[in-house]
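# A look at the structure
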Amino acid sequence: MKHLFSLKLFIASVLLLSTLFVSAQKDKKSRVSIAIGPAIPMGDIKNNHLDSSILMNGFAKTGFHFNVAYTYNFANNFGITAAFFGNVNPVNMDQYRSEYQRYVKDNYPIFDNDDITFTNDNDKGSWTTGGLLIGPNINFYLVRHFYLEIRGLIGLGLGYSPEVHNTLMFQDLTYSYQQQSAHTESFAWNVGAGFNYRFDRLFIRLNVDYLSNNLKFTNLNIKYPVFDTEQTTENIPTQMEIINQQLQISAGVGICF
């Protein structure tokens, strides 16, 4: 059901964008832009504390943000915007490693000694989030060709979790497992504002956006080795839920047509 809703939302967004694009060719009220900048994580995805699941459920650092936006202005002060947001936030492995060791030693006293060795590595070590959103924008002209745009967008949010390998070595025993990467889709919303200055058909912009969506990973697997069967590894399905909140600051260029 969730995938059917996502497909319908995507098709509706494409159809709406196509209609606006065709209309814009006639009256030159269309604007397309691309912008990049930092993605600053907030809330759950920045969390630096492990719970009883010992899942990597946060530890995101400031990363890279980009957005591609299409705006059709029905009038000088009002229009509709569709935008694709993307964020890549690396994982703070130093903080995760320290927190992992603290949690294991605090909750399993047998490991609270100097003979234990921890190894934590990640292959897909980034949170990748974003969304395809659409909504109204209001423009406030400060001087000619220079205006403030305020927008509110809703739509489809996306999320990919990082992958991490944990190894614990104690005396002659070694225990390791892998938290595999997973993906999810959800409802997302964005509020933002930006300054725009137009040079004939070209314009530059500076944006500040706040993006939020609830990432429910229902297809997350824990992979660990099995030694007493014919199988070499086994997957344990689990779930993880995180509220992704990102403060996105970007600067870019665009064209009017």
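Relevant structure appears above.
Residues numbered from 1 in each chain as written. Predicted model: local features only at pLDDT ≥ 70, side-chain atom pairs only at ≥ 80, totals over all residues. Heavy atoms only, no water.

## Quick look at the overall build of the chain
- Counting secondary structure elements, the chain contains two helices and eleven strands.
- When the helices and strands of the chain are listed from N to C terminus, the series reads α-β-β-β-α-β-β-β-β-β-β-β-β.
- Here the chain holds 257 residues, and the buried ones make up 43% of them.
- When contacts within the chain are restricted to residue pairs at least 6 apart in sequence, those whose partners lie at least 24 apart make up 73%. (Helix = DSSP H or I, 4+ residues; strand = E, 2+ residues; numbered from the N terminus. Buried < 20%, exposed > 50% of the residue type's maximum accessible area, 1.4 Å probe, protein only. Contact = heavy atoms within 4.5 Å.)

## Observations regarding a nonpolar patch on the surface
- Together, Ile34, Val68, Phe84, Tyr197, Phe199, Leu202, Ile204, Val253 and Ile255 line one region of the surface with nonpolar side chains, adding up to about 770 Å² of accessible area.
- Among the elements of the structure, β9 (183–199), β10 (202–225) and β11 (233–256) are those that each provide at least two residues to the nonpolar patch.
- Within the secondary structure layout, isoleucine 255 lies in strand β11.
- The class for isoleucine 255 is partly exposed, based on a relative accessible area of 33%. (Patch = residues over 30% accessible without salt bridge, like charges linked within 9 Å, V, L, I, M, F, W, Y side chains within 5 Å. Areas by Shrake-Rupley, 256 points an atom, 1.4 Å probe, with all protein chains shown as cover. Salt bridge = Lys/Arg side-chain N within 4 Å of Asp/Glu carboxyl O.)

## Some words on the pattern of salt bridges
- Scanning the model with the defined rule gives six salt bridges in all.
- A salt bridge links arginine 97 to aspartate 94, with the shortest nitrogen-to-oxygen separation between them at 3.3 Å. You can see arginine 97 and its partner aspartate 94 sitting in helix α2 (residues 93–107), three residues apart, about one turn around the helix.
- In this structure, the salt-bridge partner of glutamate 149 is arginine 151, at a minimum N-O distance of 2.8 Å. In this pair, the class of glutamate 149 matches that of arginine 151, namely buried.
- One connected set of salt bridges, linked through shared partners, spans Glu149, Arg151, Arg205 and Asp209.

## Observations concerning the pairing of strand β6 (residues 146–160)
- Relative to β6, strand β5 (residues 126–143) is paired through 13 bridges, and the arrangement is antiparallel. Bridge pairing in β6 places asparagine 139 opposite glutamate 149.
- Hairpin geometry of β5 and β6 is characterised by an intervening segment of two residues between the two adjacent antiparallel strands and by a positive phi of about 70° at histidine 145.
- In this structure, β6 lies alongside β9, joined through 15 bridges in antiparallel fashion. By the bridge assignment, glycine 159 is partnered in β9 with threonine 184. (Pairing = 2+ DSSP bridges.)

## Structural notes on the pairing of strand β8 (residues 173–179)
- For strand β7 (residues 164–170) and β8, the ladder comprises seven bridges, and the chain directions are antiparallel. Counted as the bridge partner of threonine 167 is serine 176 from β8.
- Looking at chain direction, β8 and β10 are connected through two bridges and run antiparallel. Paired with glutamine 178 across the strands is lysine 223, a residue of β10.

## Regarding the nonpolar core
- Counting 27 residues, the largest nonpolar core has Leu50, Met56, Tyr96, Tyr100, Trp127, Phe217 and Met240 as its most contacted members.
- Going through the elements one at a time, α2, β4 (116–121), β7, β10 and β11 are the ones with two or more residues in this core.
- In terms of residues, this core owes the most to one element, α2, which gives five residues.
- Ignoring any residue separated from it by four or fewer positions in sequence, one finds phenylalanine 217 in contact with Trp127, Gly159, Tyr160, Ser161, Ala182, His183, Thr184, Thr238, Gln239 and Met240.
- Counting seven residues, the second-largest nonpolar core is a separate cluster that includes Ala69, Ala83, Leu133 and Ala188. (Core = buried A, V, L, I, M, F, W, Y, C linked by side-chain atoms within 4.5 Å.)

## Quick look at the packing of aromatic side chains
- Summed over the entire model, instances satisfying the criterion amount to twelve aromatic pairs.
- Consider the rings of tyrosine 96 and tyrosine 100, whose centres lie 6.0 Å apart with planes at 35°: the pair is tilted. Linking tyrosine 96 with tyrosine 100, this pair stays in helix α2, spanning four residues, or about one helical turn. Neither residue differs from the other here; tyrosine 96 and tyrosine 100 are each classed as buried.
- A ring pair is formed by phenylalanine 146 and phenylalanine 195, whose centres lie 5.8 Å apart and whose planes are at 10°; its orientation type is stacked. (Phe/Tyr/Trp six-rings, centres within 6.5 Å; stacked < 30°, edge-to-face > 60°.)

These values are about where atoms sit, not about what they do.
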